[in-house]
Amino acid sequence: MVQTKEFKAESKRLLEMMINSIYSQREVFLRELISNASDAIDKIYYKALTDDELQFNKDDYFIKLSANKETKTLTISDTGIGMTKEELENNLGTIAKSGSLAFKTETELKDGHDIIGQFGVGFYAAFMVADVVTVVTKALGSDTAYKWESHGADGYTIEETNKDTVGTDITLKLKENTEEDTYDEFLEEYRLQAIIKKYSDFIRYPIKMDKTSQRPKEGTENELEEYTEEQTINSMVPIWRKNKNELTEDDYQQFYTDKRYGFDKPLKSLHISVDGSIRYNAILYIPEKTPFDYYSKEYEKGLELYSNGVLIMEKCSDLLPDYFSFVKGLVDSEDLSLNISREILQHDRQLKRIEKNITKKIKGQLQSLLKDEREKYEAFYQSFGRQLKYGVYSDFGANKEMLQDLLLFHSSKEKKLISLNEYVSSMPEEQKYIYYAAGESIERLEKLPQTELVADKGYDILFFTDDIDEFAIKMLMNYMEKEFKSVSSSDLGIEQEESKEDAASNEENKELFAYMETILAGKVKKVKLSNRLKSYPVCLSTEGEITIEMEKTLNAMPNNEHIKAEKVLELNKNHSVFQSLTAAFDNDKEKVALYTNLLYNQALLIEGLSIEDPVAFTNDLCKIMI
Ligand code: ADP
Ligand code: MG
């Protein structure tokens, strides 16, 4: 019985895109079909290696291309695991979940060019070159074979058929040539061979093809005869087993794209071959762009894990520490057992050693990027710097030594990102601390009154604009024996010549400050004269561990415990506002209360905090205008 079914909606859309494709590199359809064939063989190969019931013979696994010029068909056959009827429907009637389509916007889809070129679109790519696609397949362990056939977007049919061996034959009835496009080129041996070499050379199984050549005809002088012989076209050496100097940066980039490790171009690739007490090959990539789900729970870190060329796990998370979770790639080790399960794997010593080794190499790579290719490193840091800072903070700072030299922060003096090392190296001798200011944005921090004294001293200030920054720094505690200090902390550690005089002035204004403290009860802990303000009348500083920025971050978290920073209201005694305050204190307490509230609210605004009662604030403002 023949059943006709419709494609699922998105599949239909993708299919239409393929059918009408004006994409010039249609040849990639072959890469897609060969890679599917190879995946299918991987599955049966793995089963055969690990299942004693199955006979194992390496020669049984191959891919074969057959072109027929009379019928204008090209068939790609594999001895892979095949598909059941359900699998045919699920896999070919719907876009595979792994399909890159889900991540693309509507306009990018319309354009089409981009996704086909960069990521391939899998099975449906066949419709770029064929009017009719026929899949004949028999699944491992099944007695029945099925034929799936589609003439394009209208739908497909499935019926029972005969096939002796397990595996899949995909036959493409090529489109007719048009004035602009030729399709029968995909029946020519030399063309097929070139495409295989270009895209599929390192497929692990032989890709065979009948090739016609000429040879001297026996019993004649110089007559030639044609003969046909089956040949293996691909070299079958996986890229990670090749010699580094045989490979170009393009090869690595192509592999990244083929493997769909990311939608970007990798920033850096790393090819590792270790031969010693641990043996493994790895190709690792540092991506350039943050994957859209990177900073979400959905993101899963991990590397592909191969054992002697056989894929045993698609995402082995034990191979990467969390702080390097952005790294993509694969590891192949001869020493791992094929039968390894996830549980065993976690305790596998070999794997732990590989992880350690990889981690070191990644760090080394990042360091040399920082040293020699600063721009690239900054691009990387833009995307993944936050992860490194989380790494410093998490596990109670266990990895801080590993990561501290990879951190960058914006420098108030240099007006660009600098490392901690660079900061400390250019510190004047008398400077005791590494100063930082935390806030929403660089622009805002540049205007922060609290920075005035530190900046005046000629000291550099690191600007922290990520929520995590201050927490990470608290975990570091110090760098090269220099402690970190917030410019808002009440004690800046800067010796002041006038400090004696300050003490006297504080004493002199004791009553004023006490009065102001009662006005601001519950809001600030203390009111005092500032020795950091130069041109602004007022600012907030904090005593103790919790700074205002940390308070903001902590209180933005769910189930927060309403942690409060201990705030100090600092006044600039050289500002005329202060003179107005002292003058009013002698004869108009109500005015002092009004000024106190206004100054406090101003300080809140400068800090980027919100005013508790904006109506009262604007009323206060009006009062001083009339
Ligand atoms: P992807 O390879 O990214 O999963 P494709 O569109 O290329 O997406 O293929 C869809 C699915 O169809 C595959 O995941 C696989 O399950 C199945 N498939 C395709 N070709 C074959 C084949 N030759 N043998 C067995 N299964 C196949
Ligand atoms: Mg595929």
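Novice: I would appreciate a short explanation of the sheet that holds strand β23 (residues 566–571) in the present structure.
Specialist: The strand order across the open sheet formed by three strands is β21-β23-β22, and the pairing between neighbours is mixed. In this open sheet, the two strands that pair with only one neighbour each are β21 (526–529) and β22 (538–543). Taken over all neighbouring pairs, the strand axes of this sheet differ in orientation by 35° on average, direction set aside. In this structure, β21 lies alongside β23, joined through four bridges in parallel fashion. Bridged to lysine 526 within β23 is valine 568. The strands touched by helix α20 (residues 589–607) are β22 and β23; relative to β22, the strand with the most contacts, the crossing angle is about 70°.

Novice: So what exactly am I meant to see when it comes to helix α10 (residues 374–393) here?
Specialist: In an α-helix, one turn spans 3.6 residues, which is why side chains three or four residues apart end up on the same side. The end-to-end C-alpha distance of α10 is 24 Å, clearly below the 28 Å that 20 residues give at a rise of 1.5 Å each. Roughly 65° is the biggest bend found in α10, and it falls at phenylalanine 384. All buried positions along α10 are accounted for by Tyr377, Phe380, Tyr381, Ser383, Phe384, Gly385, Gln387, Leu388, Lys389, Gly391 and Val392. Aspartate 395 occupies a position one or two residues after α10 and carries a positive phi of about 50°.

Novice: Got a minute to help me understand the sheet that holds strand β12 (residues 303–307) in this structure?
Specialist: Whenever strands of a sheet pair, they do so through backbone hydrogen bonds, lying parallel or antiparallel. On the basis of which strands lie adjacent, the open sheet formed by five strands has the order β10-β11-β14-β12-β13 and mixed pairing. Two strands close off the open sheet at either side, each with one partner strand: β10 (266–275) and β13 (310–316). Neighbouring strand axes in the sheet, compared pairwise and without regard to direction, differ in orientation by 15° on average. Inspection of the sheet shows strand β11 (residues 279–287) paired to strand β14 (residues 328–333) by five bridges, in the antiparallel sense. Paired with asparagine 281 across the strands is aspartate 332, a residue of β14.

Novice: Would you explain a nonpolar patch on the surface in this entry?
Specialist: On the surface, Ile624, Met625 and Ile626 cluster together into a nonpolar patch covering about 410 Å² of accessible area. On the basis of relative accessibility, which here comes to 87%, the residue isoleucine 626 falls in the exposed class.

Novice: Would you explain the packing of aromatic side chains in this entry?
Specialist: Geometrically, a pair of aromatic rings is defined through the distance of the ring centres and the angle of the planes. Within the structure shown, the criterion is met by 33 aromatic pairs. Judged by centre distance (4.8 Å) and plane angle (75°), the ring pair of tyrosine 294 and tyrosine 295 falls under edge-to-face. Owing to a relative accessible area of 4%, tyrosine 294 belongs among the buried residues under this scheme. Their ring planes at 50° and their centres at 5.3 Å tell us that tyrosine 377 and phenylalanine 380 sit as a pair that is tilted. Of this pair, tyrosine 377 and phenylalanine 380 both sit in helix α10, separated by three residues, roughly a single helical turn. We classify tyrosine 377 as buried; its relative accessible area is 0%. Look at phenylalanine 380 and you get buried, because its relative accessible area is 0%. Ring pairing ties together the aromatic residues Tyr294, Tyr295, Tyr299, Tyr323, Phe324, Phe326, Tyr377, Phe380, Tyr381 and Phe384, which thus form one cluster. The residue whose ring lies beneath arginine 204 is tyrosine 45, and the NZ or CZ to ring-centre distance is 5.2 Å. Positioned above the aromatic ring of tyrosine 295 is the side chain of arginine 386, whose terminal nitrogen or guanidinium carbon lies 4.5 Å from the ring centre.

Novice: Mind showing me how you'd approach the packing of helix α17 (residues 510–519) against α20 here?
Specialist: Helices that pack against each other are described as a pair by the angle of their axes relative to one another and the distance between those axes. Viewed as axis vectors pointing N to C, α17 and α20 meet at an angle of 65°, and their least axial separation amounts to 10 Å. Of the two possible hands of crossing, α17 and α20 adopt the one that is right-handed. Side by side, α17 and α20 meet where Leu512, Tyr515, Met516 and Ile519 of the first sit next to Lys589, Val592, Ala593, Thr596 and Asn597 of the second. Looking at side-chain class alone, the contact of α17 with α20 contains six nonpolar, two polar and one charged residues.

Novice: Please clarify how the domain arrangement of the protein should be interpreted in this entry.
Specialist: One frequent convention defines the size of an interface as the accessible area lost when the parts assemble. When cut into domains, the protein gives domain 1 (3–232), domain 2 (239–375), domain 3 (407–486) and domain 4 (496–625). On a C-alpha basis, the centroid separation for the pair domain 2 and domain 3 is 34 Å.

Novice: I'm lost on the nonpolar core in this one. Help?
Specialist: Nonpolar side chains tend toward joint burial in soluble globular proteins. Counting 72 residues, the largest nonpolar core has Phe324, Ile358, Tyr377, Phe380, Leu388 and Tyr435 as the members making the most contacts within it. Ranked by residues supplied to this core, first place goes to helix α9 (residues 349–372) with seven residues. Here this core spans two domains, and each of domain 2 (239–375) and domain 3 (407–486) adds at least three residues to it. In this structure phenylalanine 380 touches Leu267, Ile286, Phe326, Leu366, Gly385 and Leu388, once residues within four positions along its chain are discounted. Within the second largest apolar cluster, 56 residues are counted, among which are Leu33, Ile41, Ile76 and Tyr183.

Novice: Please clarify how the pattern of salt bridges should be interpreted in this entry.
Specialist: Once the charged atoms of two side chains with opposite charge are near each other, the side chains can pair. As enumerated under the stated definition, the model contains 39 salt bridges in all. A salt bridge links glutamate 32 to arginine 31, with the shortest nitrogen-to-oxygen separation between them at 3.1 Å. We note that glutamate 32, like arginine 31, is buried. Between arginine 241 and aspartate 332 there is a salt bridge, and its shortest N-O distance comes to 3.3 Å.

Novice: Please clarify how a positive patch on the surface should be interpreted in this entry.
Specialist: Residues Lys244, Lys356, Lys360 and Lys361 make up a contiguous surface patch of positive charge. In this fold, lysine 356 is placed in helix α9.

Analysis parameters
- Residues numbered from 1 in each chain as written.
- Chains lettered and ligands numbered in written order.
- Predicted model: local features only at pLDDT ≥ 70, side-chain atom pairs only at ≥ 80, totals over all residues.
- Heavy atoms only, no water.
- Pairing = 2+ DSSP bridges.
- Helix = DSSP H or I, 4+ residues; strand = E, 2+ residues; numbered from the N terminus.
- Axes fitted to C-alpha atoms, helices over the stretch in contact; angles between N-to-C directions.
- Contact = heavy atoms within 4.5 Å.
- Expected span 1.5 Å × (residues − 1).
- Bend = angle between axes of the 7 residues up to and from the residue.
- Buried < 20%, exposed > 50% of the residue type's maximum accessible area, 1.4 Å probe, protein only.
- Patch = residues over 30% accessible without salt bridge, like charges linked within 9 Å, V, L, I, M, F, W, Y side chains within 5 Å.
- Areas by Shrake-Rupley, 256 points an atom, 1.4 Å probe, with all protein chains shown as cover.
- Salt bridge = Lys/Arg side-chain N within 4 Å of Asp/Glu carboxyl O.
- Phe/Tyr/Trp six-rings, centres within 6.5 Å; stacked < 30°, edge-to-face > 60°.
- Lys NZ or Arg CZ within 6 Å of the ring centre and 35° of its normal.
- Left-handed = near helix turned anticlockwise from the far one by under 90°.
- Nonpolar A, V, L, I, M, F, W, Y, C, P; charged D, E, K, R; others polar.
- Domains from an automatic or database assignment.
- Core = buried A, V, L, I, M, F, W, Y, C linked by side-chain atoms within 4.5 Å.
- Lys, Arg positive; Asp, Glu negative; His and termini not counted.
- Charge placed at Lys NZ, Arg CZ, Asp CG, Glu CD.

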